[in-house]
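Each chain is listed here by its residues.
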Amino acid sequence: MSAASEEGGMDICGDGTVMKWVLKEGSASSERPKAGDRVSVHYVGRLTASGEEFDSSRSRGRPFEFRLGSGVIEGWSIGVAT
C-alpha cells in the first residue's frame, strides 16, 4: 500500500492505482453520479514518490468539469463515481 493511503486516502481499486480523499461528503440522500453525468471537481495531482504537486485545479481557481466515462482519465471516472 502506498504512503498516500497511510495519510487517510482510500485505495478504491485495491492496488494503489486510484487513491481518493473526500474533503466534503455529500448528504446520505444524494445520488451518486453515473456514466454520462456532468460533474465538477477540484483536484490536486501529486507524484507518489515525492508528494510534489504537478497540477491543481485549485491553483487555477476553478474546478474541472467533465462527463463521467467520456474518455477523461479513467481513474477520475472511477473515483468520482464511488
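Everything numeric in this text was worked out from a predicted model, so none of it was measured. (Residues numbered from 1 in each chain as written. Predicted model: local features only at pLDDT ≥ 70, side-chain atom pairs only at ≥ 80, totals over all residues. Heavy atoms only, no water.)

### Brief notes about the overall build of the protein chain
When helices and strands are counted, the protein chain shows three helices and six strands. Mapped from its N terminus to its C terminus, the protein chain presents α and β elements in the order α-β-β-β-β-β-α-β-α. By the burial criterion, 22% of the 82 residues in the protein chain qualify as buried. Across the protein chain, the fraction of contacts at a sequence separation of at least 24, relative to all contacts at a separation of at least 6, is 36%. For the protein chain, the exposed area adds up to about 6100 Å²; of that, 50% sits on carbon and sulfur atoms. (Helix = DSSP H or I, 4+ residues; strand = E, 2+ residues; numbered from the N terminus. Buried < 20%, exposed > 50% of the residue type's maximum accessible area, 1.4 Å probe, protein only. Contact = heavy atoms within 4.5 Å. Areas by Shrake-Rupley, 256 points an atom, 1.4 Å probe, with all protein chains shown as cover.)

### As for the packing of aromatic side chains
Scanning the entire structure with this criterion turns up five aromatic pairs. Taking the centre distance of 6.4 Å and the plane angle of 85 degrees together, the rings of Tyr43 and Phe64 count as edge-to-face. Placement of Tyr43 in the loop between strand S3 (38–41) and strand S4 (44–46) and of Phe64 in strand S6 (residues 64–67) is noted, with a sequence separation of 21 residues between them. When its relative accessible area of 15% is taken as the criterion, Tyr43 is described as buried. Taking the centre distance of 6.0 Å and the plane angle of 50 degrees together, the rings of Phe66 and Trp76 count as tilted. With Phe66 in strand S6 and Trp76 in helix H3 (residues 74–81), this residue pair connects regions lying 10 residues apart in the sequence. Accessibility expressed as a relative area gives 23% for Trp76, which makes it partly exposed. These aromatic residues form a ring-pair network of at least three members: Tyr43, Phe64, Phe66 and Trp76. (Phe/Tyr/Trp six-rings, centres within 6.5 Å; stacked < 30°, edge-to-face > 60°.)

### Description of the pattern of salt bridges
Inspection of the entire model under this criterion finds four salt bridges. Linking Glu65 and Arg38 is a salt bridge whose minimum nitrogen-to-oxygen distance equals 3.4 Å. With a gap of 27 residues between them, Glu65 in strand S6 and Arg38 in strand S3 connect regions that are remote in the sequence. With a closest N to O distance of 2.8 Å, Asp55 and Arg60 form a salt bridge. (Salt bridge = Lys/Arg side-chain N within 4 Å of Asp/Glu carboxyl O.)

### What about the pairing of strand S5 (residues 53–56)?
Two strands pair when backbone bridges link them, and S4 and S5 are joined in this way by three bridges, in the antiparallel orientation. Directly across from Gly45, in S5, lies its bridge partner Asp55. In this antiparallel pair of consecutive strands, S4 and S5, the connection spans six residues, and Gly51 shows a positive phi of 80 degrees. (Pairing = 2+ DSSP bridges.)

### Brief notes about H3
For H3, the full list of buried residues reads Gly75, Ser77 and Gly79. Its buried side turned inward, H3 meets strand S2 (19–20) and S6.

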